[in-house]
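Tertiary structure, described
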Amino acid sequence: MSRQGLHIQVDLERQQLRLLSGSACVATYSVSTARNGPGELQGSECTPRGLHRIRLKIGDGEPTNSVFIGRRPTGEIHTPELAAANPDRDWILTRILWLTGLEPGRNRGGVVDSLRRFIYIHGTPDSEPMGRAASHGCIRMRNSELIQLYDQVSVGTIVDIREQF
């Protein structure tokens, strides 16, 4: 657990992320996880299950809708015009919470390593749907909600991803 005992639960069935302090729910957010469903294998474009922790927080002070490529801000701000000019981009916006698996053989190490798969909780364009599976494996959030979450959690915060809670 992290600062003030905060931890995160991601419910893949409900497409919901909950921030908890002990057993008390602090906040609930609608998210979008993998279109391909749950799974741990590299290249599967699935959302990995199990216990994770936030390894790195990326994007402090960046403007809302800042575009990231390779975990670095490009200097671009996502707009409908930028999206139209780049229709095939998988947009990673605003902030990144980079996850690392805590369960060897399940989501850590070898071909199931969440860190090496670049599994994040990150912002996405407002035009992208929440509450249904549509990502390439990451956990997508509305940018304003991601900033709220990002500001409350710290490196080391536990993230438990399950098919249902």
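Parameters and conventions
- Residues numbered from 1 in each chain as written.
- Predicted model: local features only at pLDDT ≥ 70, side-chain atom pairs only at ≥ 80, totals over all residues.
- Heavy atoms only, no water.
- Pairing = 2+ DSSP bridges.
- Helix = DSSP H or I, 4+ residues; strand = E, 2+ residues; numbered from the N terminus.
- Salt bridge = Lys/Arg side-chain N within 4 Å of Asp/Glu carboxyl O.
- Buried < 20%, exposed > 50% of the residue type's maximum accessible area, 1.4 Å probe, protein only.
- Contact = heavy atoms within 4.5 Å.

In this sheet, strand 10 (residues 158-162) lies alongside strand 4 (residues 50-58) in antiparallel orientation, the contact comprising four bridges. In the sheet register, Arg53 faces strand 10, and the bridge partner there is Ile158. In this structure, strand 4 lies alongside strand 7 (residues 93-101), joined through six bridges in antiparallel fashion. If you follow Leu56 over to strand 7, its bridge partner there is Trp98.

As a further point, take the pattern of salt bridges. Note on pairing: side chains with opposite charge can pair once their charged atoms come close. Per the stated rule, a full pass over the model turns up nine salt bridges. The residue Arg116 makes a salt bridge to Asp113 at a minimum N-O spacing of 3.9 Å. The class for Asp113 is buried, based on a relative accessible area of 8%. Glu128 is the salt-bridge partner of Arg140, the closest N and O atoms lying 3.2 Å from each other. Taken together, the positions of Arg140 in strand 9 (residues 139-142) and Glu128 in the loop between strand 8 (120-124) and strand 9 put the pair 12 residues apart, joining distant regions of the chain. Look at the salt bridges and you will find they share partners, linking Glu40, Arg49 and Glu163 into a network.

What follows is about the environment of Trp98. One can find Trp98 in strand 7. Judged by relative accessible area, which is 12%, Trp98 ranks as buried. Separated by 36 residues in sequence, Trp98 and Ala134 have C-alpha atoms that sit 19 Å apart. Look past the residues within four positions of Trp98 in its chain and what remains in contact with it is Arg53, Ile54, Arg55, Leu56, Ile58, Arg71, Leu115, Phe118, Ile119 and Tyr120.

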